[in-house]
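# Observations on the three-dimensional arrangement
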Amino acid sequence: MPIETTPLHPDFGVEIHGVDLAALDDATFADIEAAYHTHGALLFRNQFYTPDVQVALGHRFGVLGIPPRKQFNLPDHPEISVLGNLMNPDGTPAAFFNEMGEEWHSDSAGYENLDGVTFLHCIESPPEGGETLLCSMTAAWDSLDADKQADMEGRKLLHSWNYHNDKVLKVSKAKPLSPEERAKIPDNITDLVQVHPVSGRKLYYISHNLVKQVDDWDEKSSLTYIMPLVDHATAPERVYTHRWRPGDLLVWDNRATMHTATDVSAYRNATRHMHRSYAFTGPHALPEGKLAPDSGSLKTT
Ligand SMILES: [Fe+2]
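Summary of the structure given here. (Residues numbered from 1 in each chain as written. Predicted model: local features only at pLDDT ≥ 70, side-chain atom pairs only at ≥ 80, totals over all residues.)

Take the overall build of the protein next. Each helix and strand counted, the protein has 7 helices and 18 strands in total. Relative to its length of 301 residues, the protein is compact, with a C-alpha radius of gyration of 18 Å against a globular reference of 19 Å. The dimensions of the protein, computed from C-alpha atoms along their principal axes, are 50 × 50 × 40 Å. Within the protein, buried positions represent 43% of all 301 residues. Within the protein, contacts between residues separated by at least 24 positions form 80% of all contacts whose residues are at least 6 apart in sequence. (Helix = DSSP H or I, 4+ residues; strand = E, 2+ residues; numbered from the N terminus. Rg over C-alpha atoms; globule rule 2.2 N^0.38 Å. Buried ≥ 20, exposed ≤ 12 C-beta atoms within 10 Å, placed from the backbone. Contact = placed C-beta atoms within 7 Å.)

Before going further, it helps to examine the pairing of strand 15 (residues 249-253). Most of strand 15 sits out of view: 5 of its 5 residues are buried. Here strand 15 shows a buried face lined by Leu249, Val251 and Asp253 and a second buried face lined by Leu250 and Trp252. When strand 7 (residues 116-124) meets strand 15, the two strands line up antiparallel, connected through 5 bridges. Bridge pairing in strand 15 links threonine 118 to tryptophan 252. (Pairing = 2+ DSSP bridges.)

Soluble, globular proteins show a tendency: their nonpolar side chains are buried together. Grouped together as the largest cluster of nonpolar side chains are 61 residues, with contacts concentrated most on Ala41, Leu42, Met137, Tyr204 and Val251. Each residue touching alanine 41, except ones within four places of it in the same chain, is listed here: Leu8, Phe12, Gly13, Leu134, Leu250, Val251, Trp252, Asp253 and Thr257. (Core = buried A, V, L, I, M, F, W, Y, C linked by C-beta atoms within 7 Å.)

This part is about the environment of tryptophan 244. Looking at the element boundaries, tryptophan 244 is found in the loop between strand 14 (239-242) and strand 15. Judged by local crowding, tryptophan 244 falls into the buried class, with 21 C-beta atoms found within 10 Å. In sequence terms tryptophan 244 and serine 160 are 84 residues apart; their C-alpha atoms lie 30 Å from each other. Discounting residues that sit within four places of it in the chain, tryptophan 244 has contacts with Cys122, Ser125, Gly130 and Glu131.

Before going further, it helps to examine helix 2 (residues 51-61). Along helix 2, the residues that are buried comprise Gln54, Leu57, Gly58 and Phe61. Buried residues of helix 2 fall within an arc of 100° about the axis and therefore sit on the same side. Next to the buried residues of helix 2 lie strand 4 (63-66), strand 6 (77-84), strand 7 and strand 17 (273-280). (Arc of directions from axis to C-beta.)

Glancing now at the sheet that holds strand 13 (residues 211-214). With antiparallel pairing, the 3 strands of this open sheet are ordered in space as 10-9-13. Each edge of the open sheet carries a strand with a single partner, namely strand 10 (188-191) and strand 13. For this sheet, the mean inter-axis angle between neighbouring strands, taken without regard to orientation, is 25°. Pairing of strand 9 (residues 156-159) with strand 10 involves 4 bridges; the strand directions are antiparallel. Across the sheet, leucine 158 pairs through a bridge with isoleucine 189, a residue of strand 10. (Axes fitted to C-alpha atoms, helices over the stretch in contact; angles between N-to-C directions.)

Okay, the pairing of strand 2 (residues 14-17) next. What you see with strand 2 is a clean split: Val14 and Ile16 sit on the buried side and Glu15 and His17 on the side with no burial. Of the strand pairs in this sheet, strand 2 and strand 3 (residues 41-44) are connected by 2 bridges, and their pairing is parallel. By the bridge assignment for strand 3, glutamate 15 is matched with leucine 43. Since strand 2 and strand 3 lie parallel, the crossover through helix 1 (residues 26-39) that links them has a hand, and here it is right-handed. (Right-handed = clockwise from strand over helix to strand, strands pointing away.)

Honestly, that's just the spatial picture; any functional story needs more than this.
In structure tokens form, the structure reads like this:
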């Protein structure tokens, strides 16, 4: 029986109804994968599964990464990192908690393979705040005027995960990566304007928290160029706001969408507890069994 869906936003995203991810057959997964490529983001509600279910779902999509901040990965499932404001009894963080607030990005920007799928599962959510926002980069491209589109064609962006992580470490209790770990995530030059490899739709790709450079411009000129494009993509009418409930799983295509967390001050006195995993998909996915570092989206949702 085909899956039932309802839109999350007029531009992109669907909620998928009536699926138990802990008992997923191949035909249903094929429908889910098709919906993913068509709509860019999927929501499943009431998924109270154990972590192995999320790992198995990731394997169906592609090759799972190991999040680089290993101190926050689940001991028995290192493909899943724990996010939120959980603390250990000794006062040290028990989850990765990024306090930089709203910062639109893509989780795949630090990697050669931009076809990354993020899985974000809600274990506990605060009564207010802690939302995740998403927007469609195909809709953003389609709504630009032709002159602007022509100006963007052929431009290159240099994305650097380590450049961003250095900024995050100034406001986070996460441990710095070793030189060896940093070297595993080299800077990445990508086309600003791209064609989605599955949907064939045009889009532009920016993860502005990682952008060091546009073409051969300096940082100031580069940011002056990209920020209006980020603002265009994230105009309020183009944004889907996800208000989390325990058991929600949100899945998104990191080439076709951008996302951001929201201001953490909205839930200082409540718990936000999430499980995040990440898989590389598409023809550039690494061979099965060779685990890659994940984008670590410092920002992470
Ligand atoms: Fe993220």
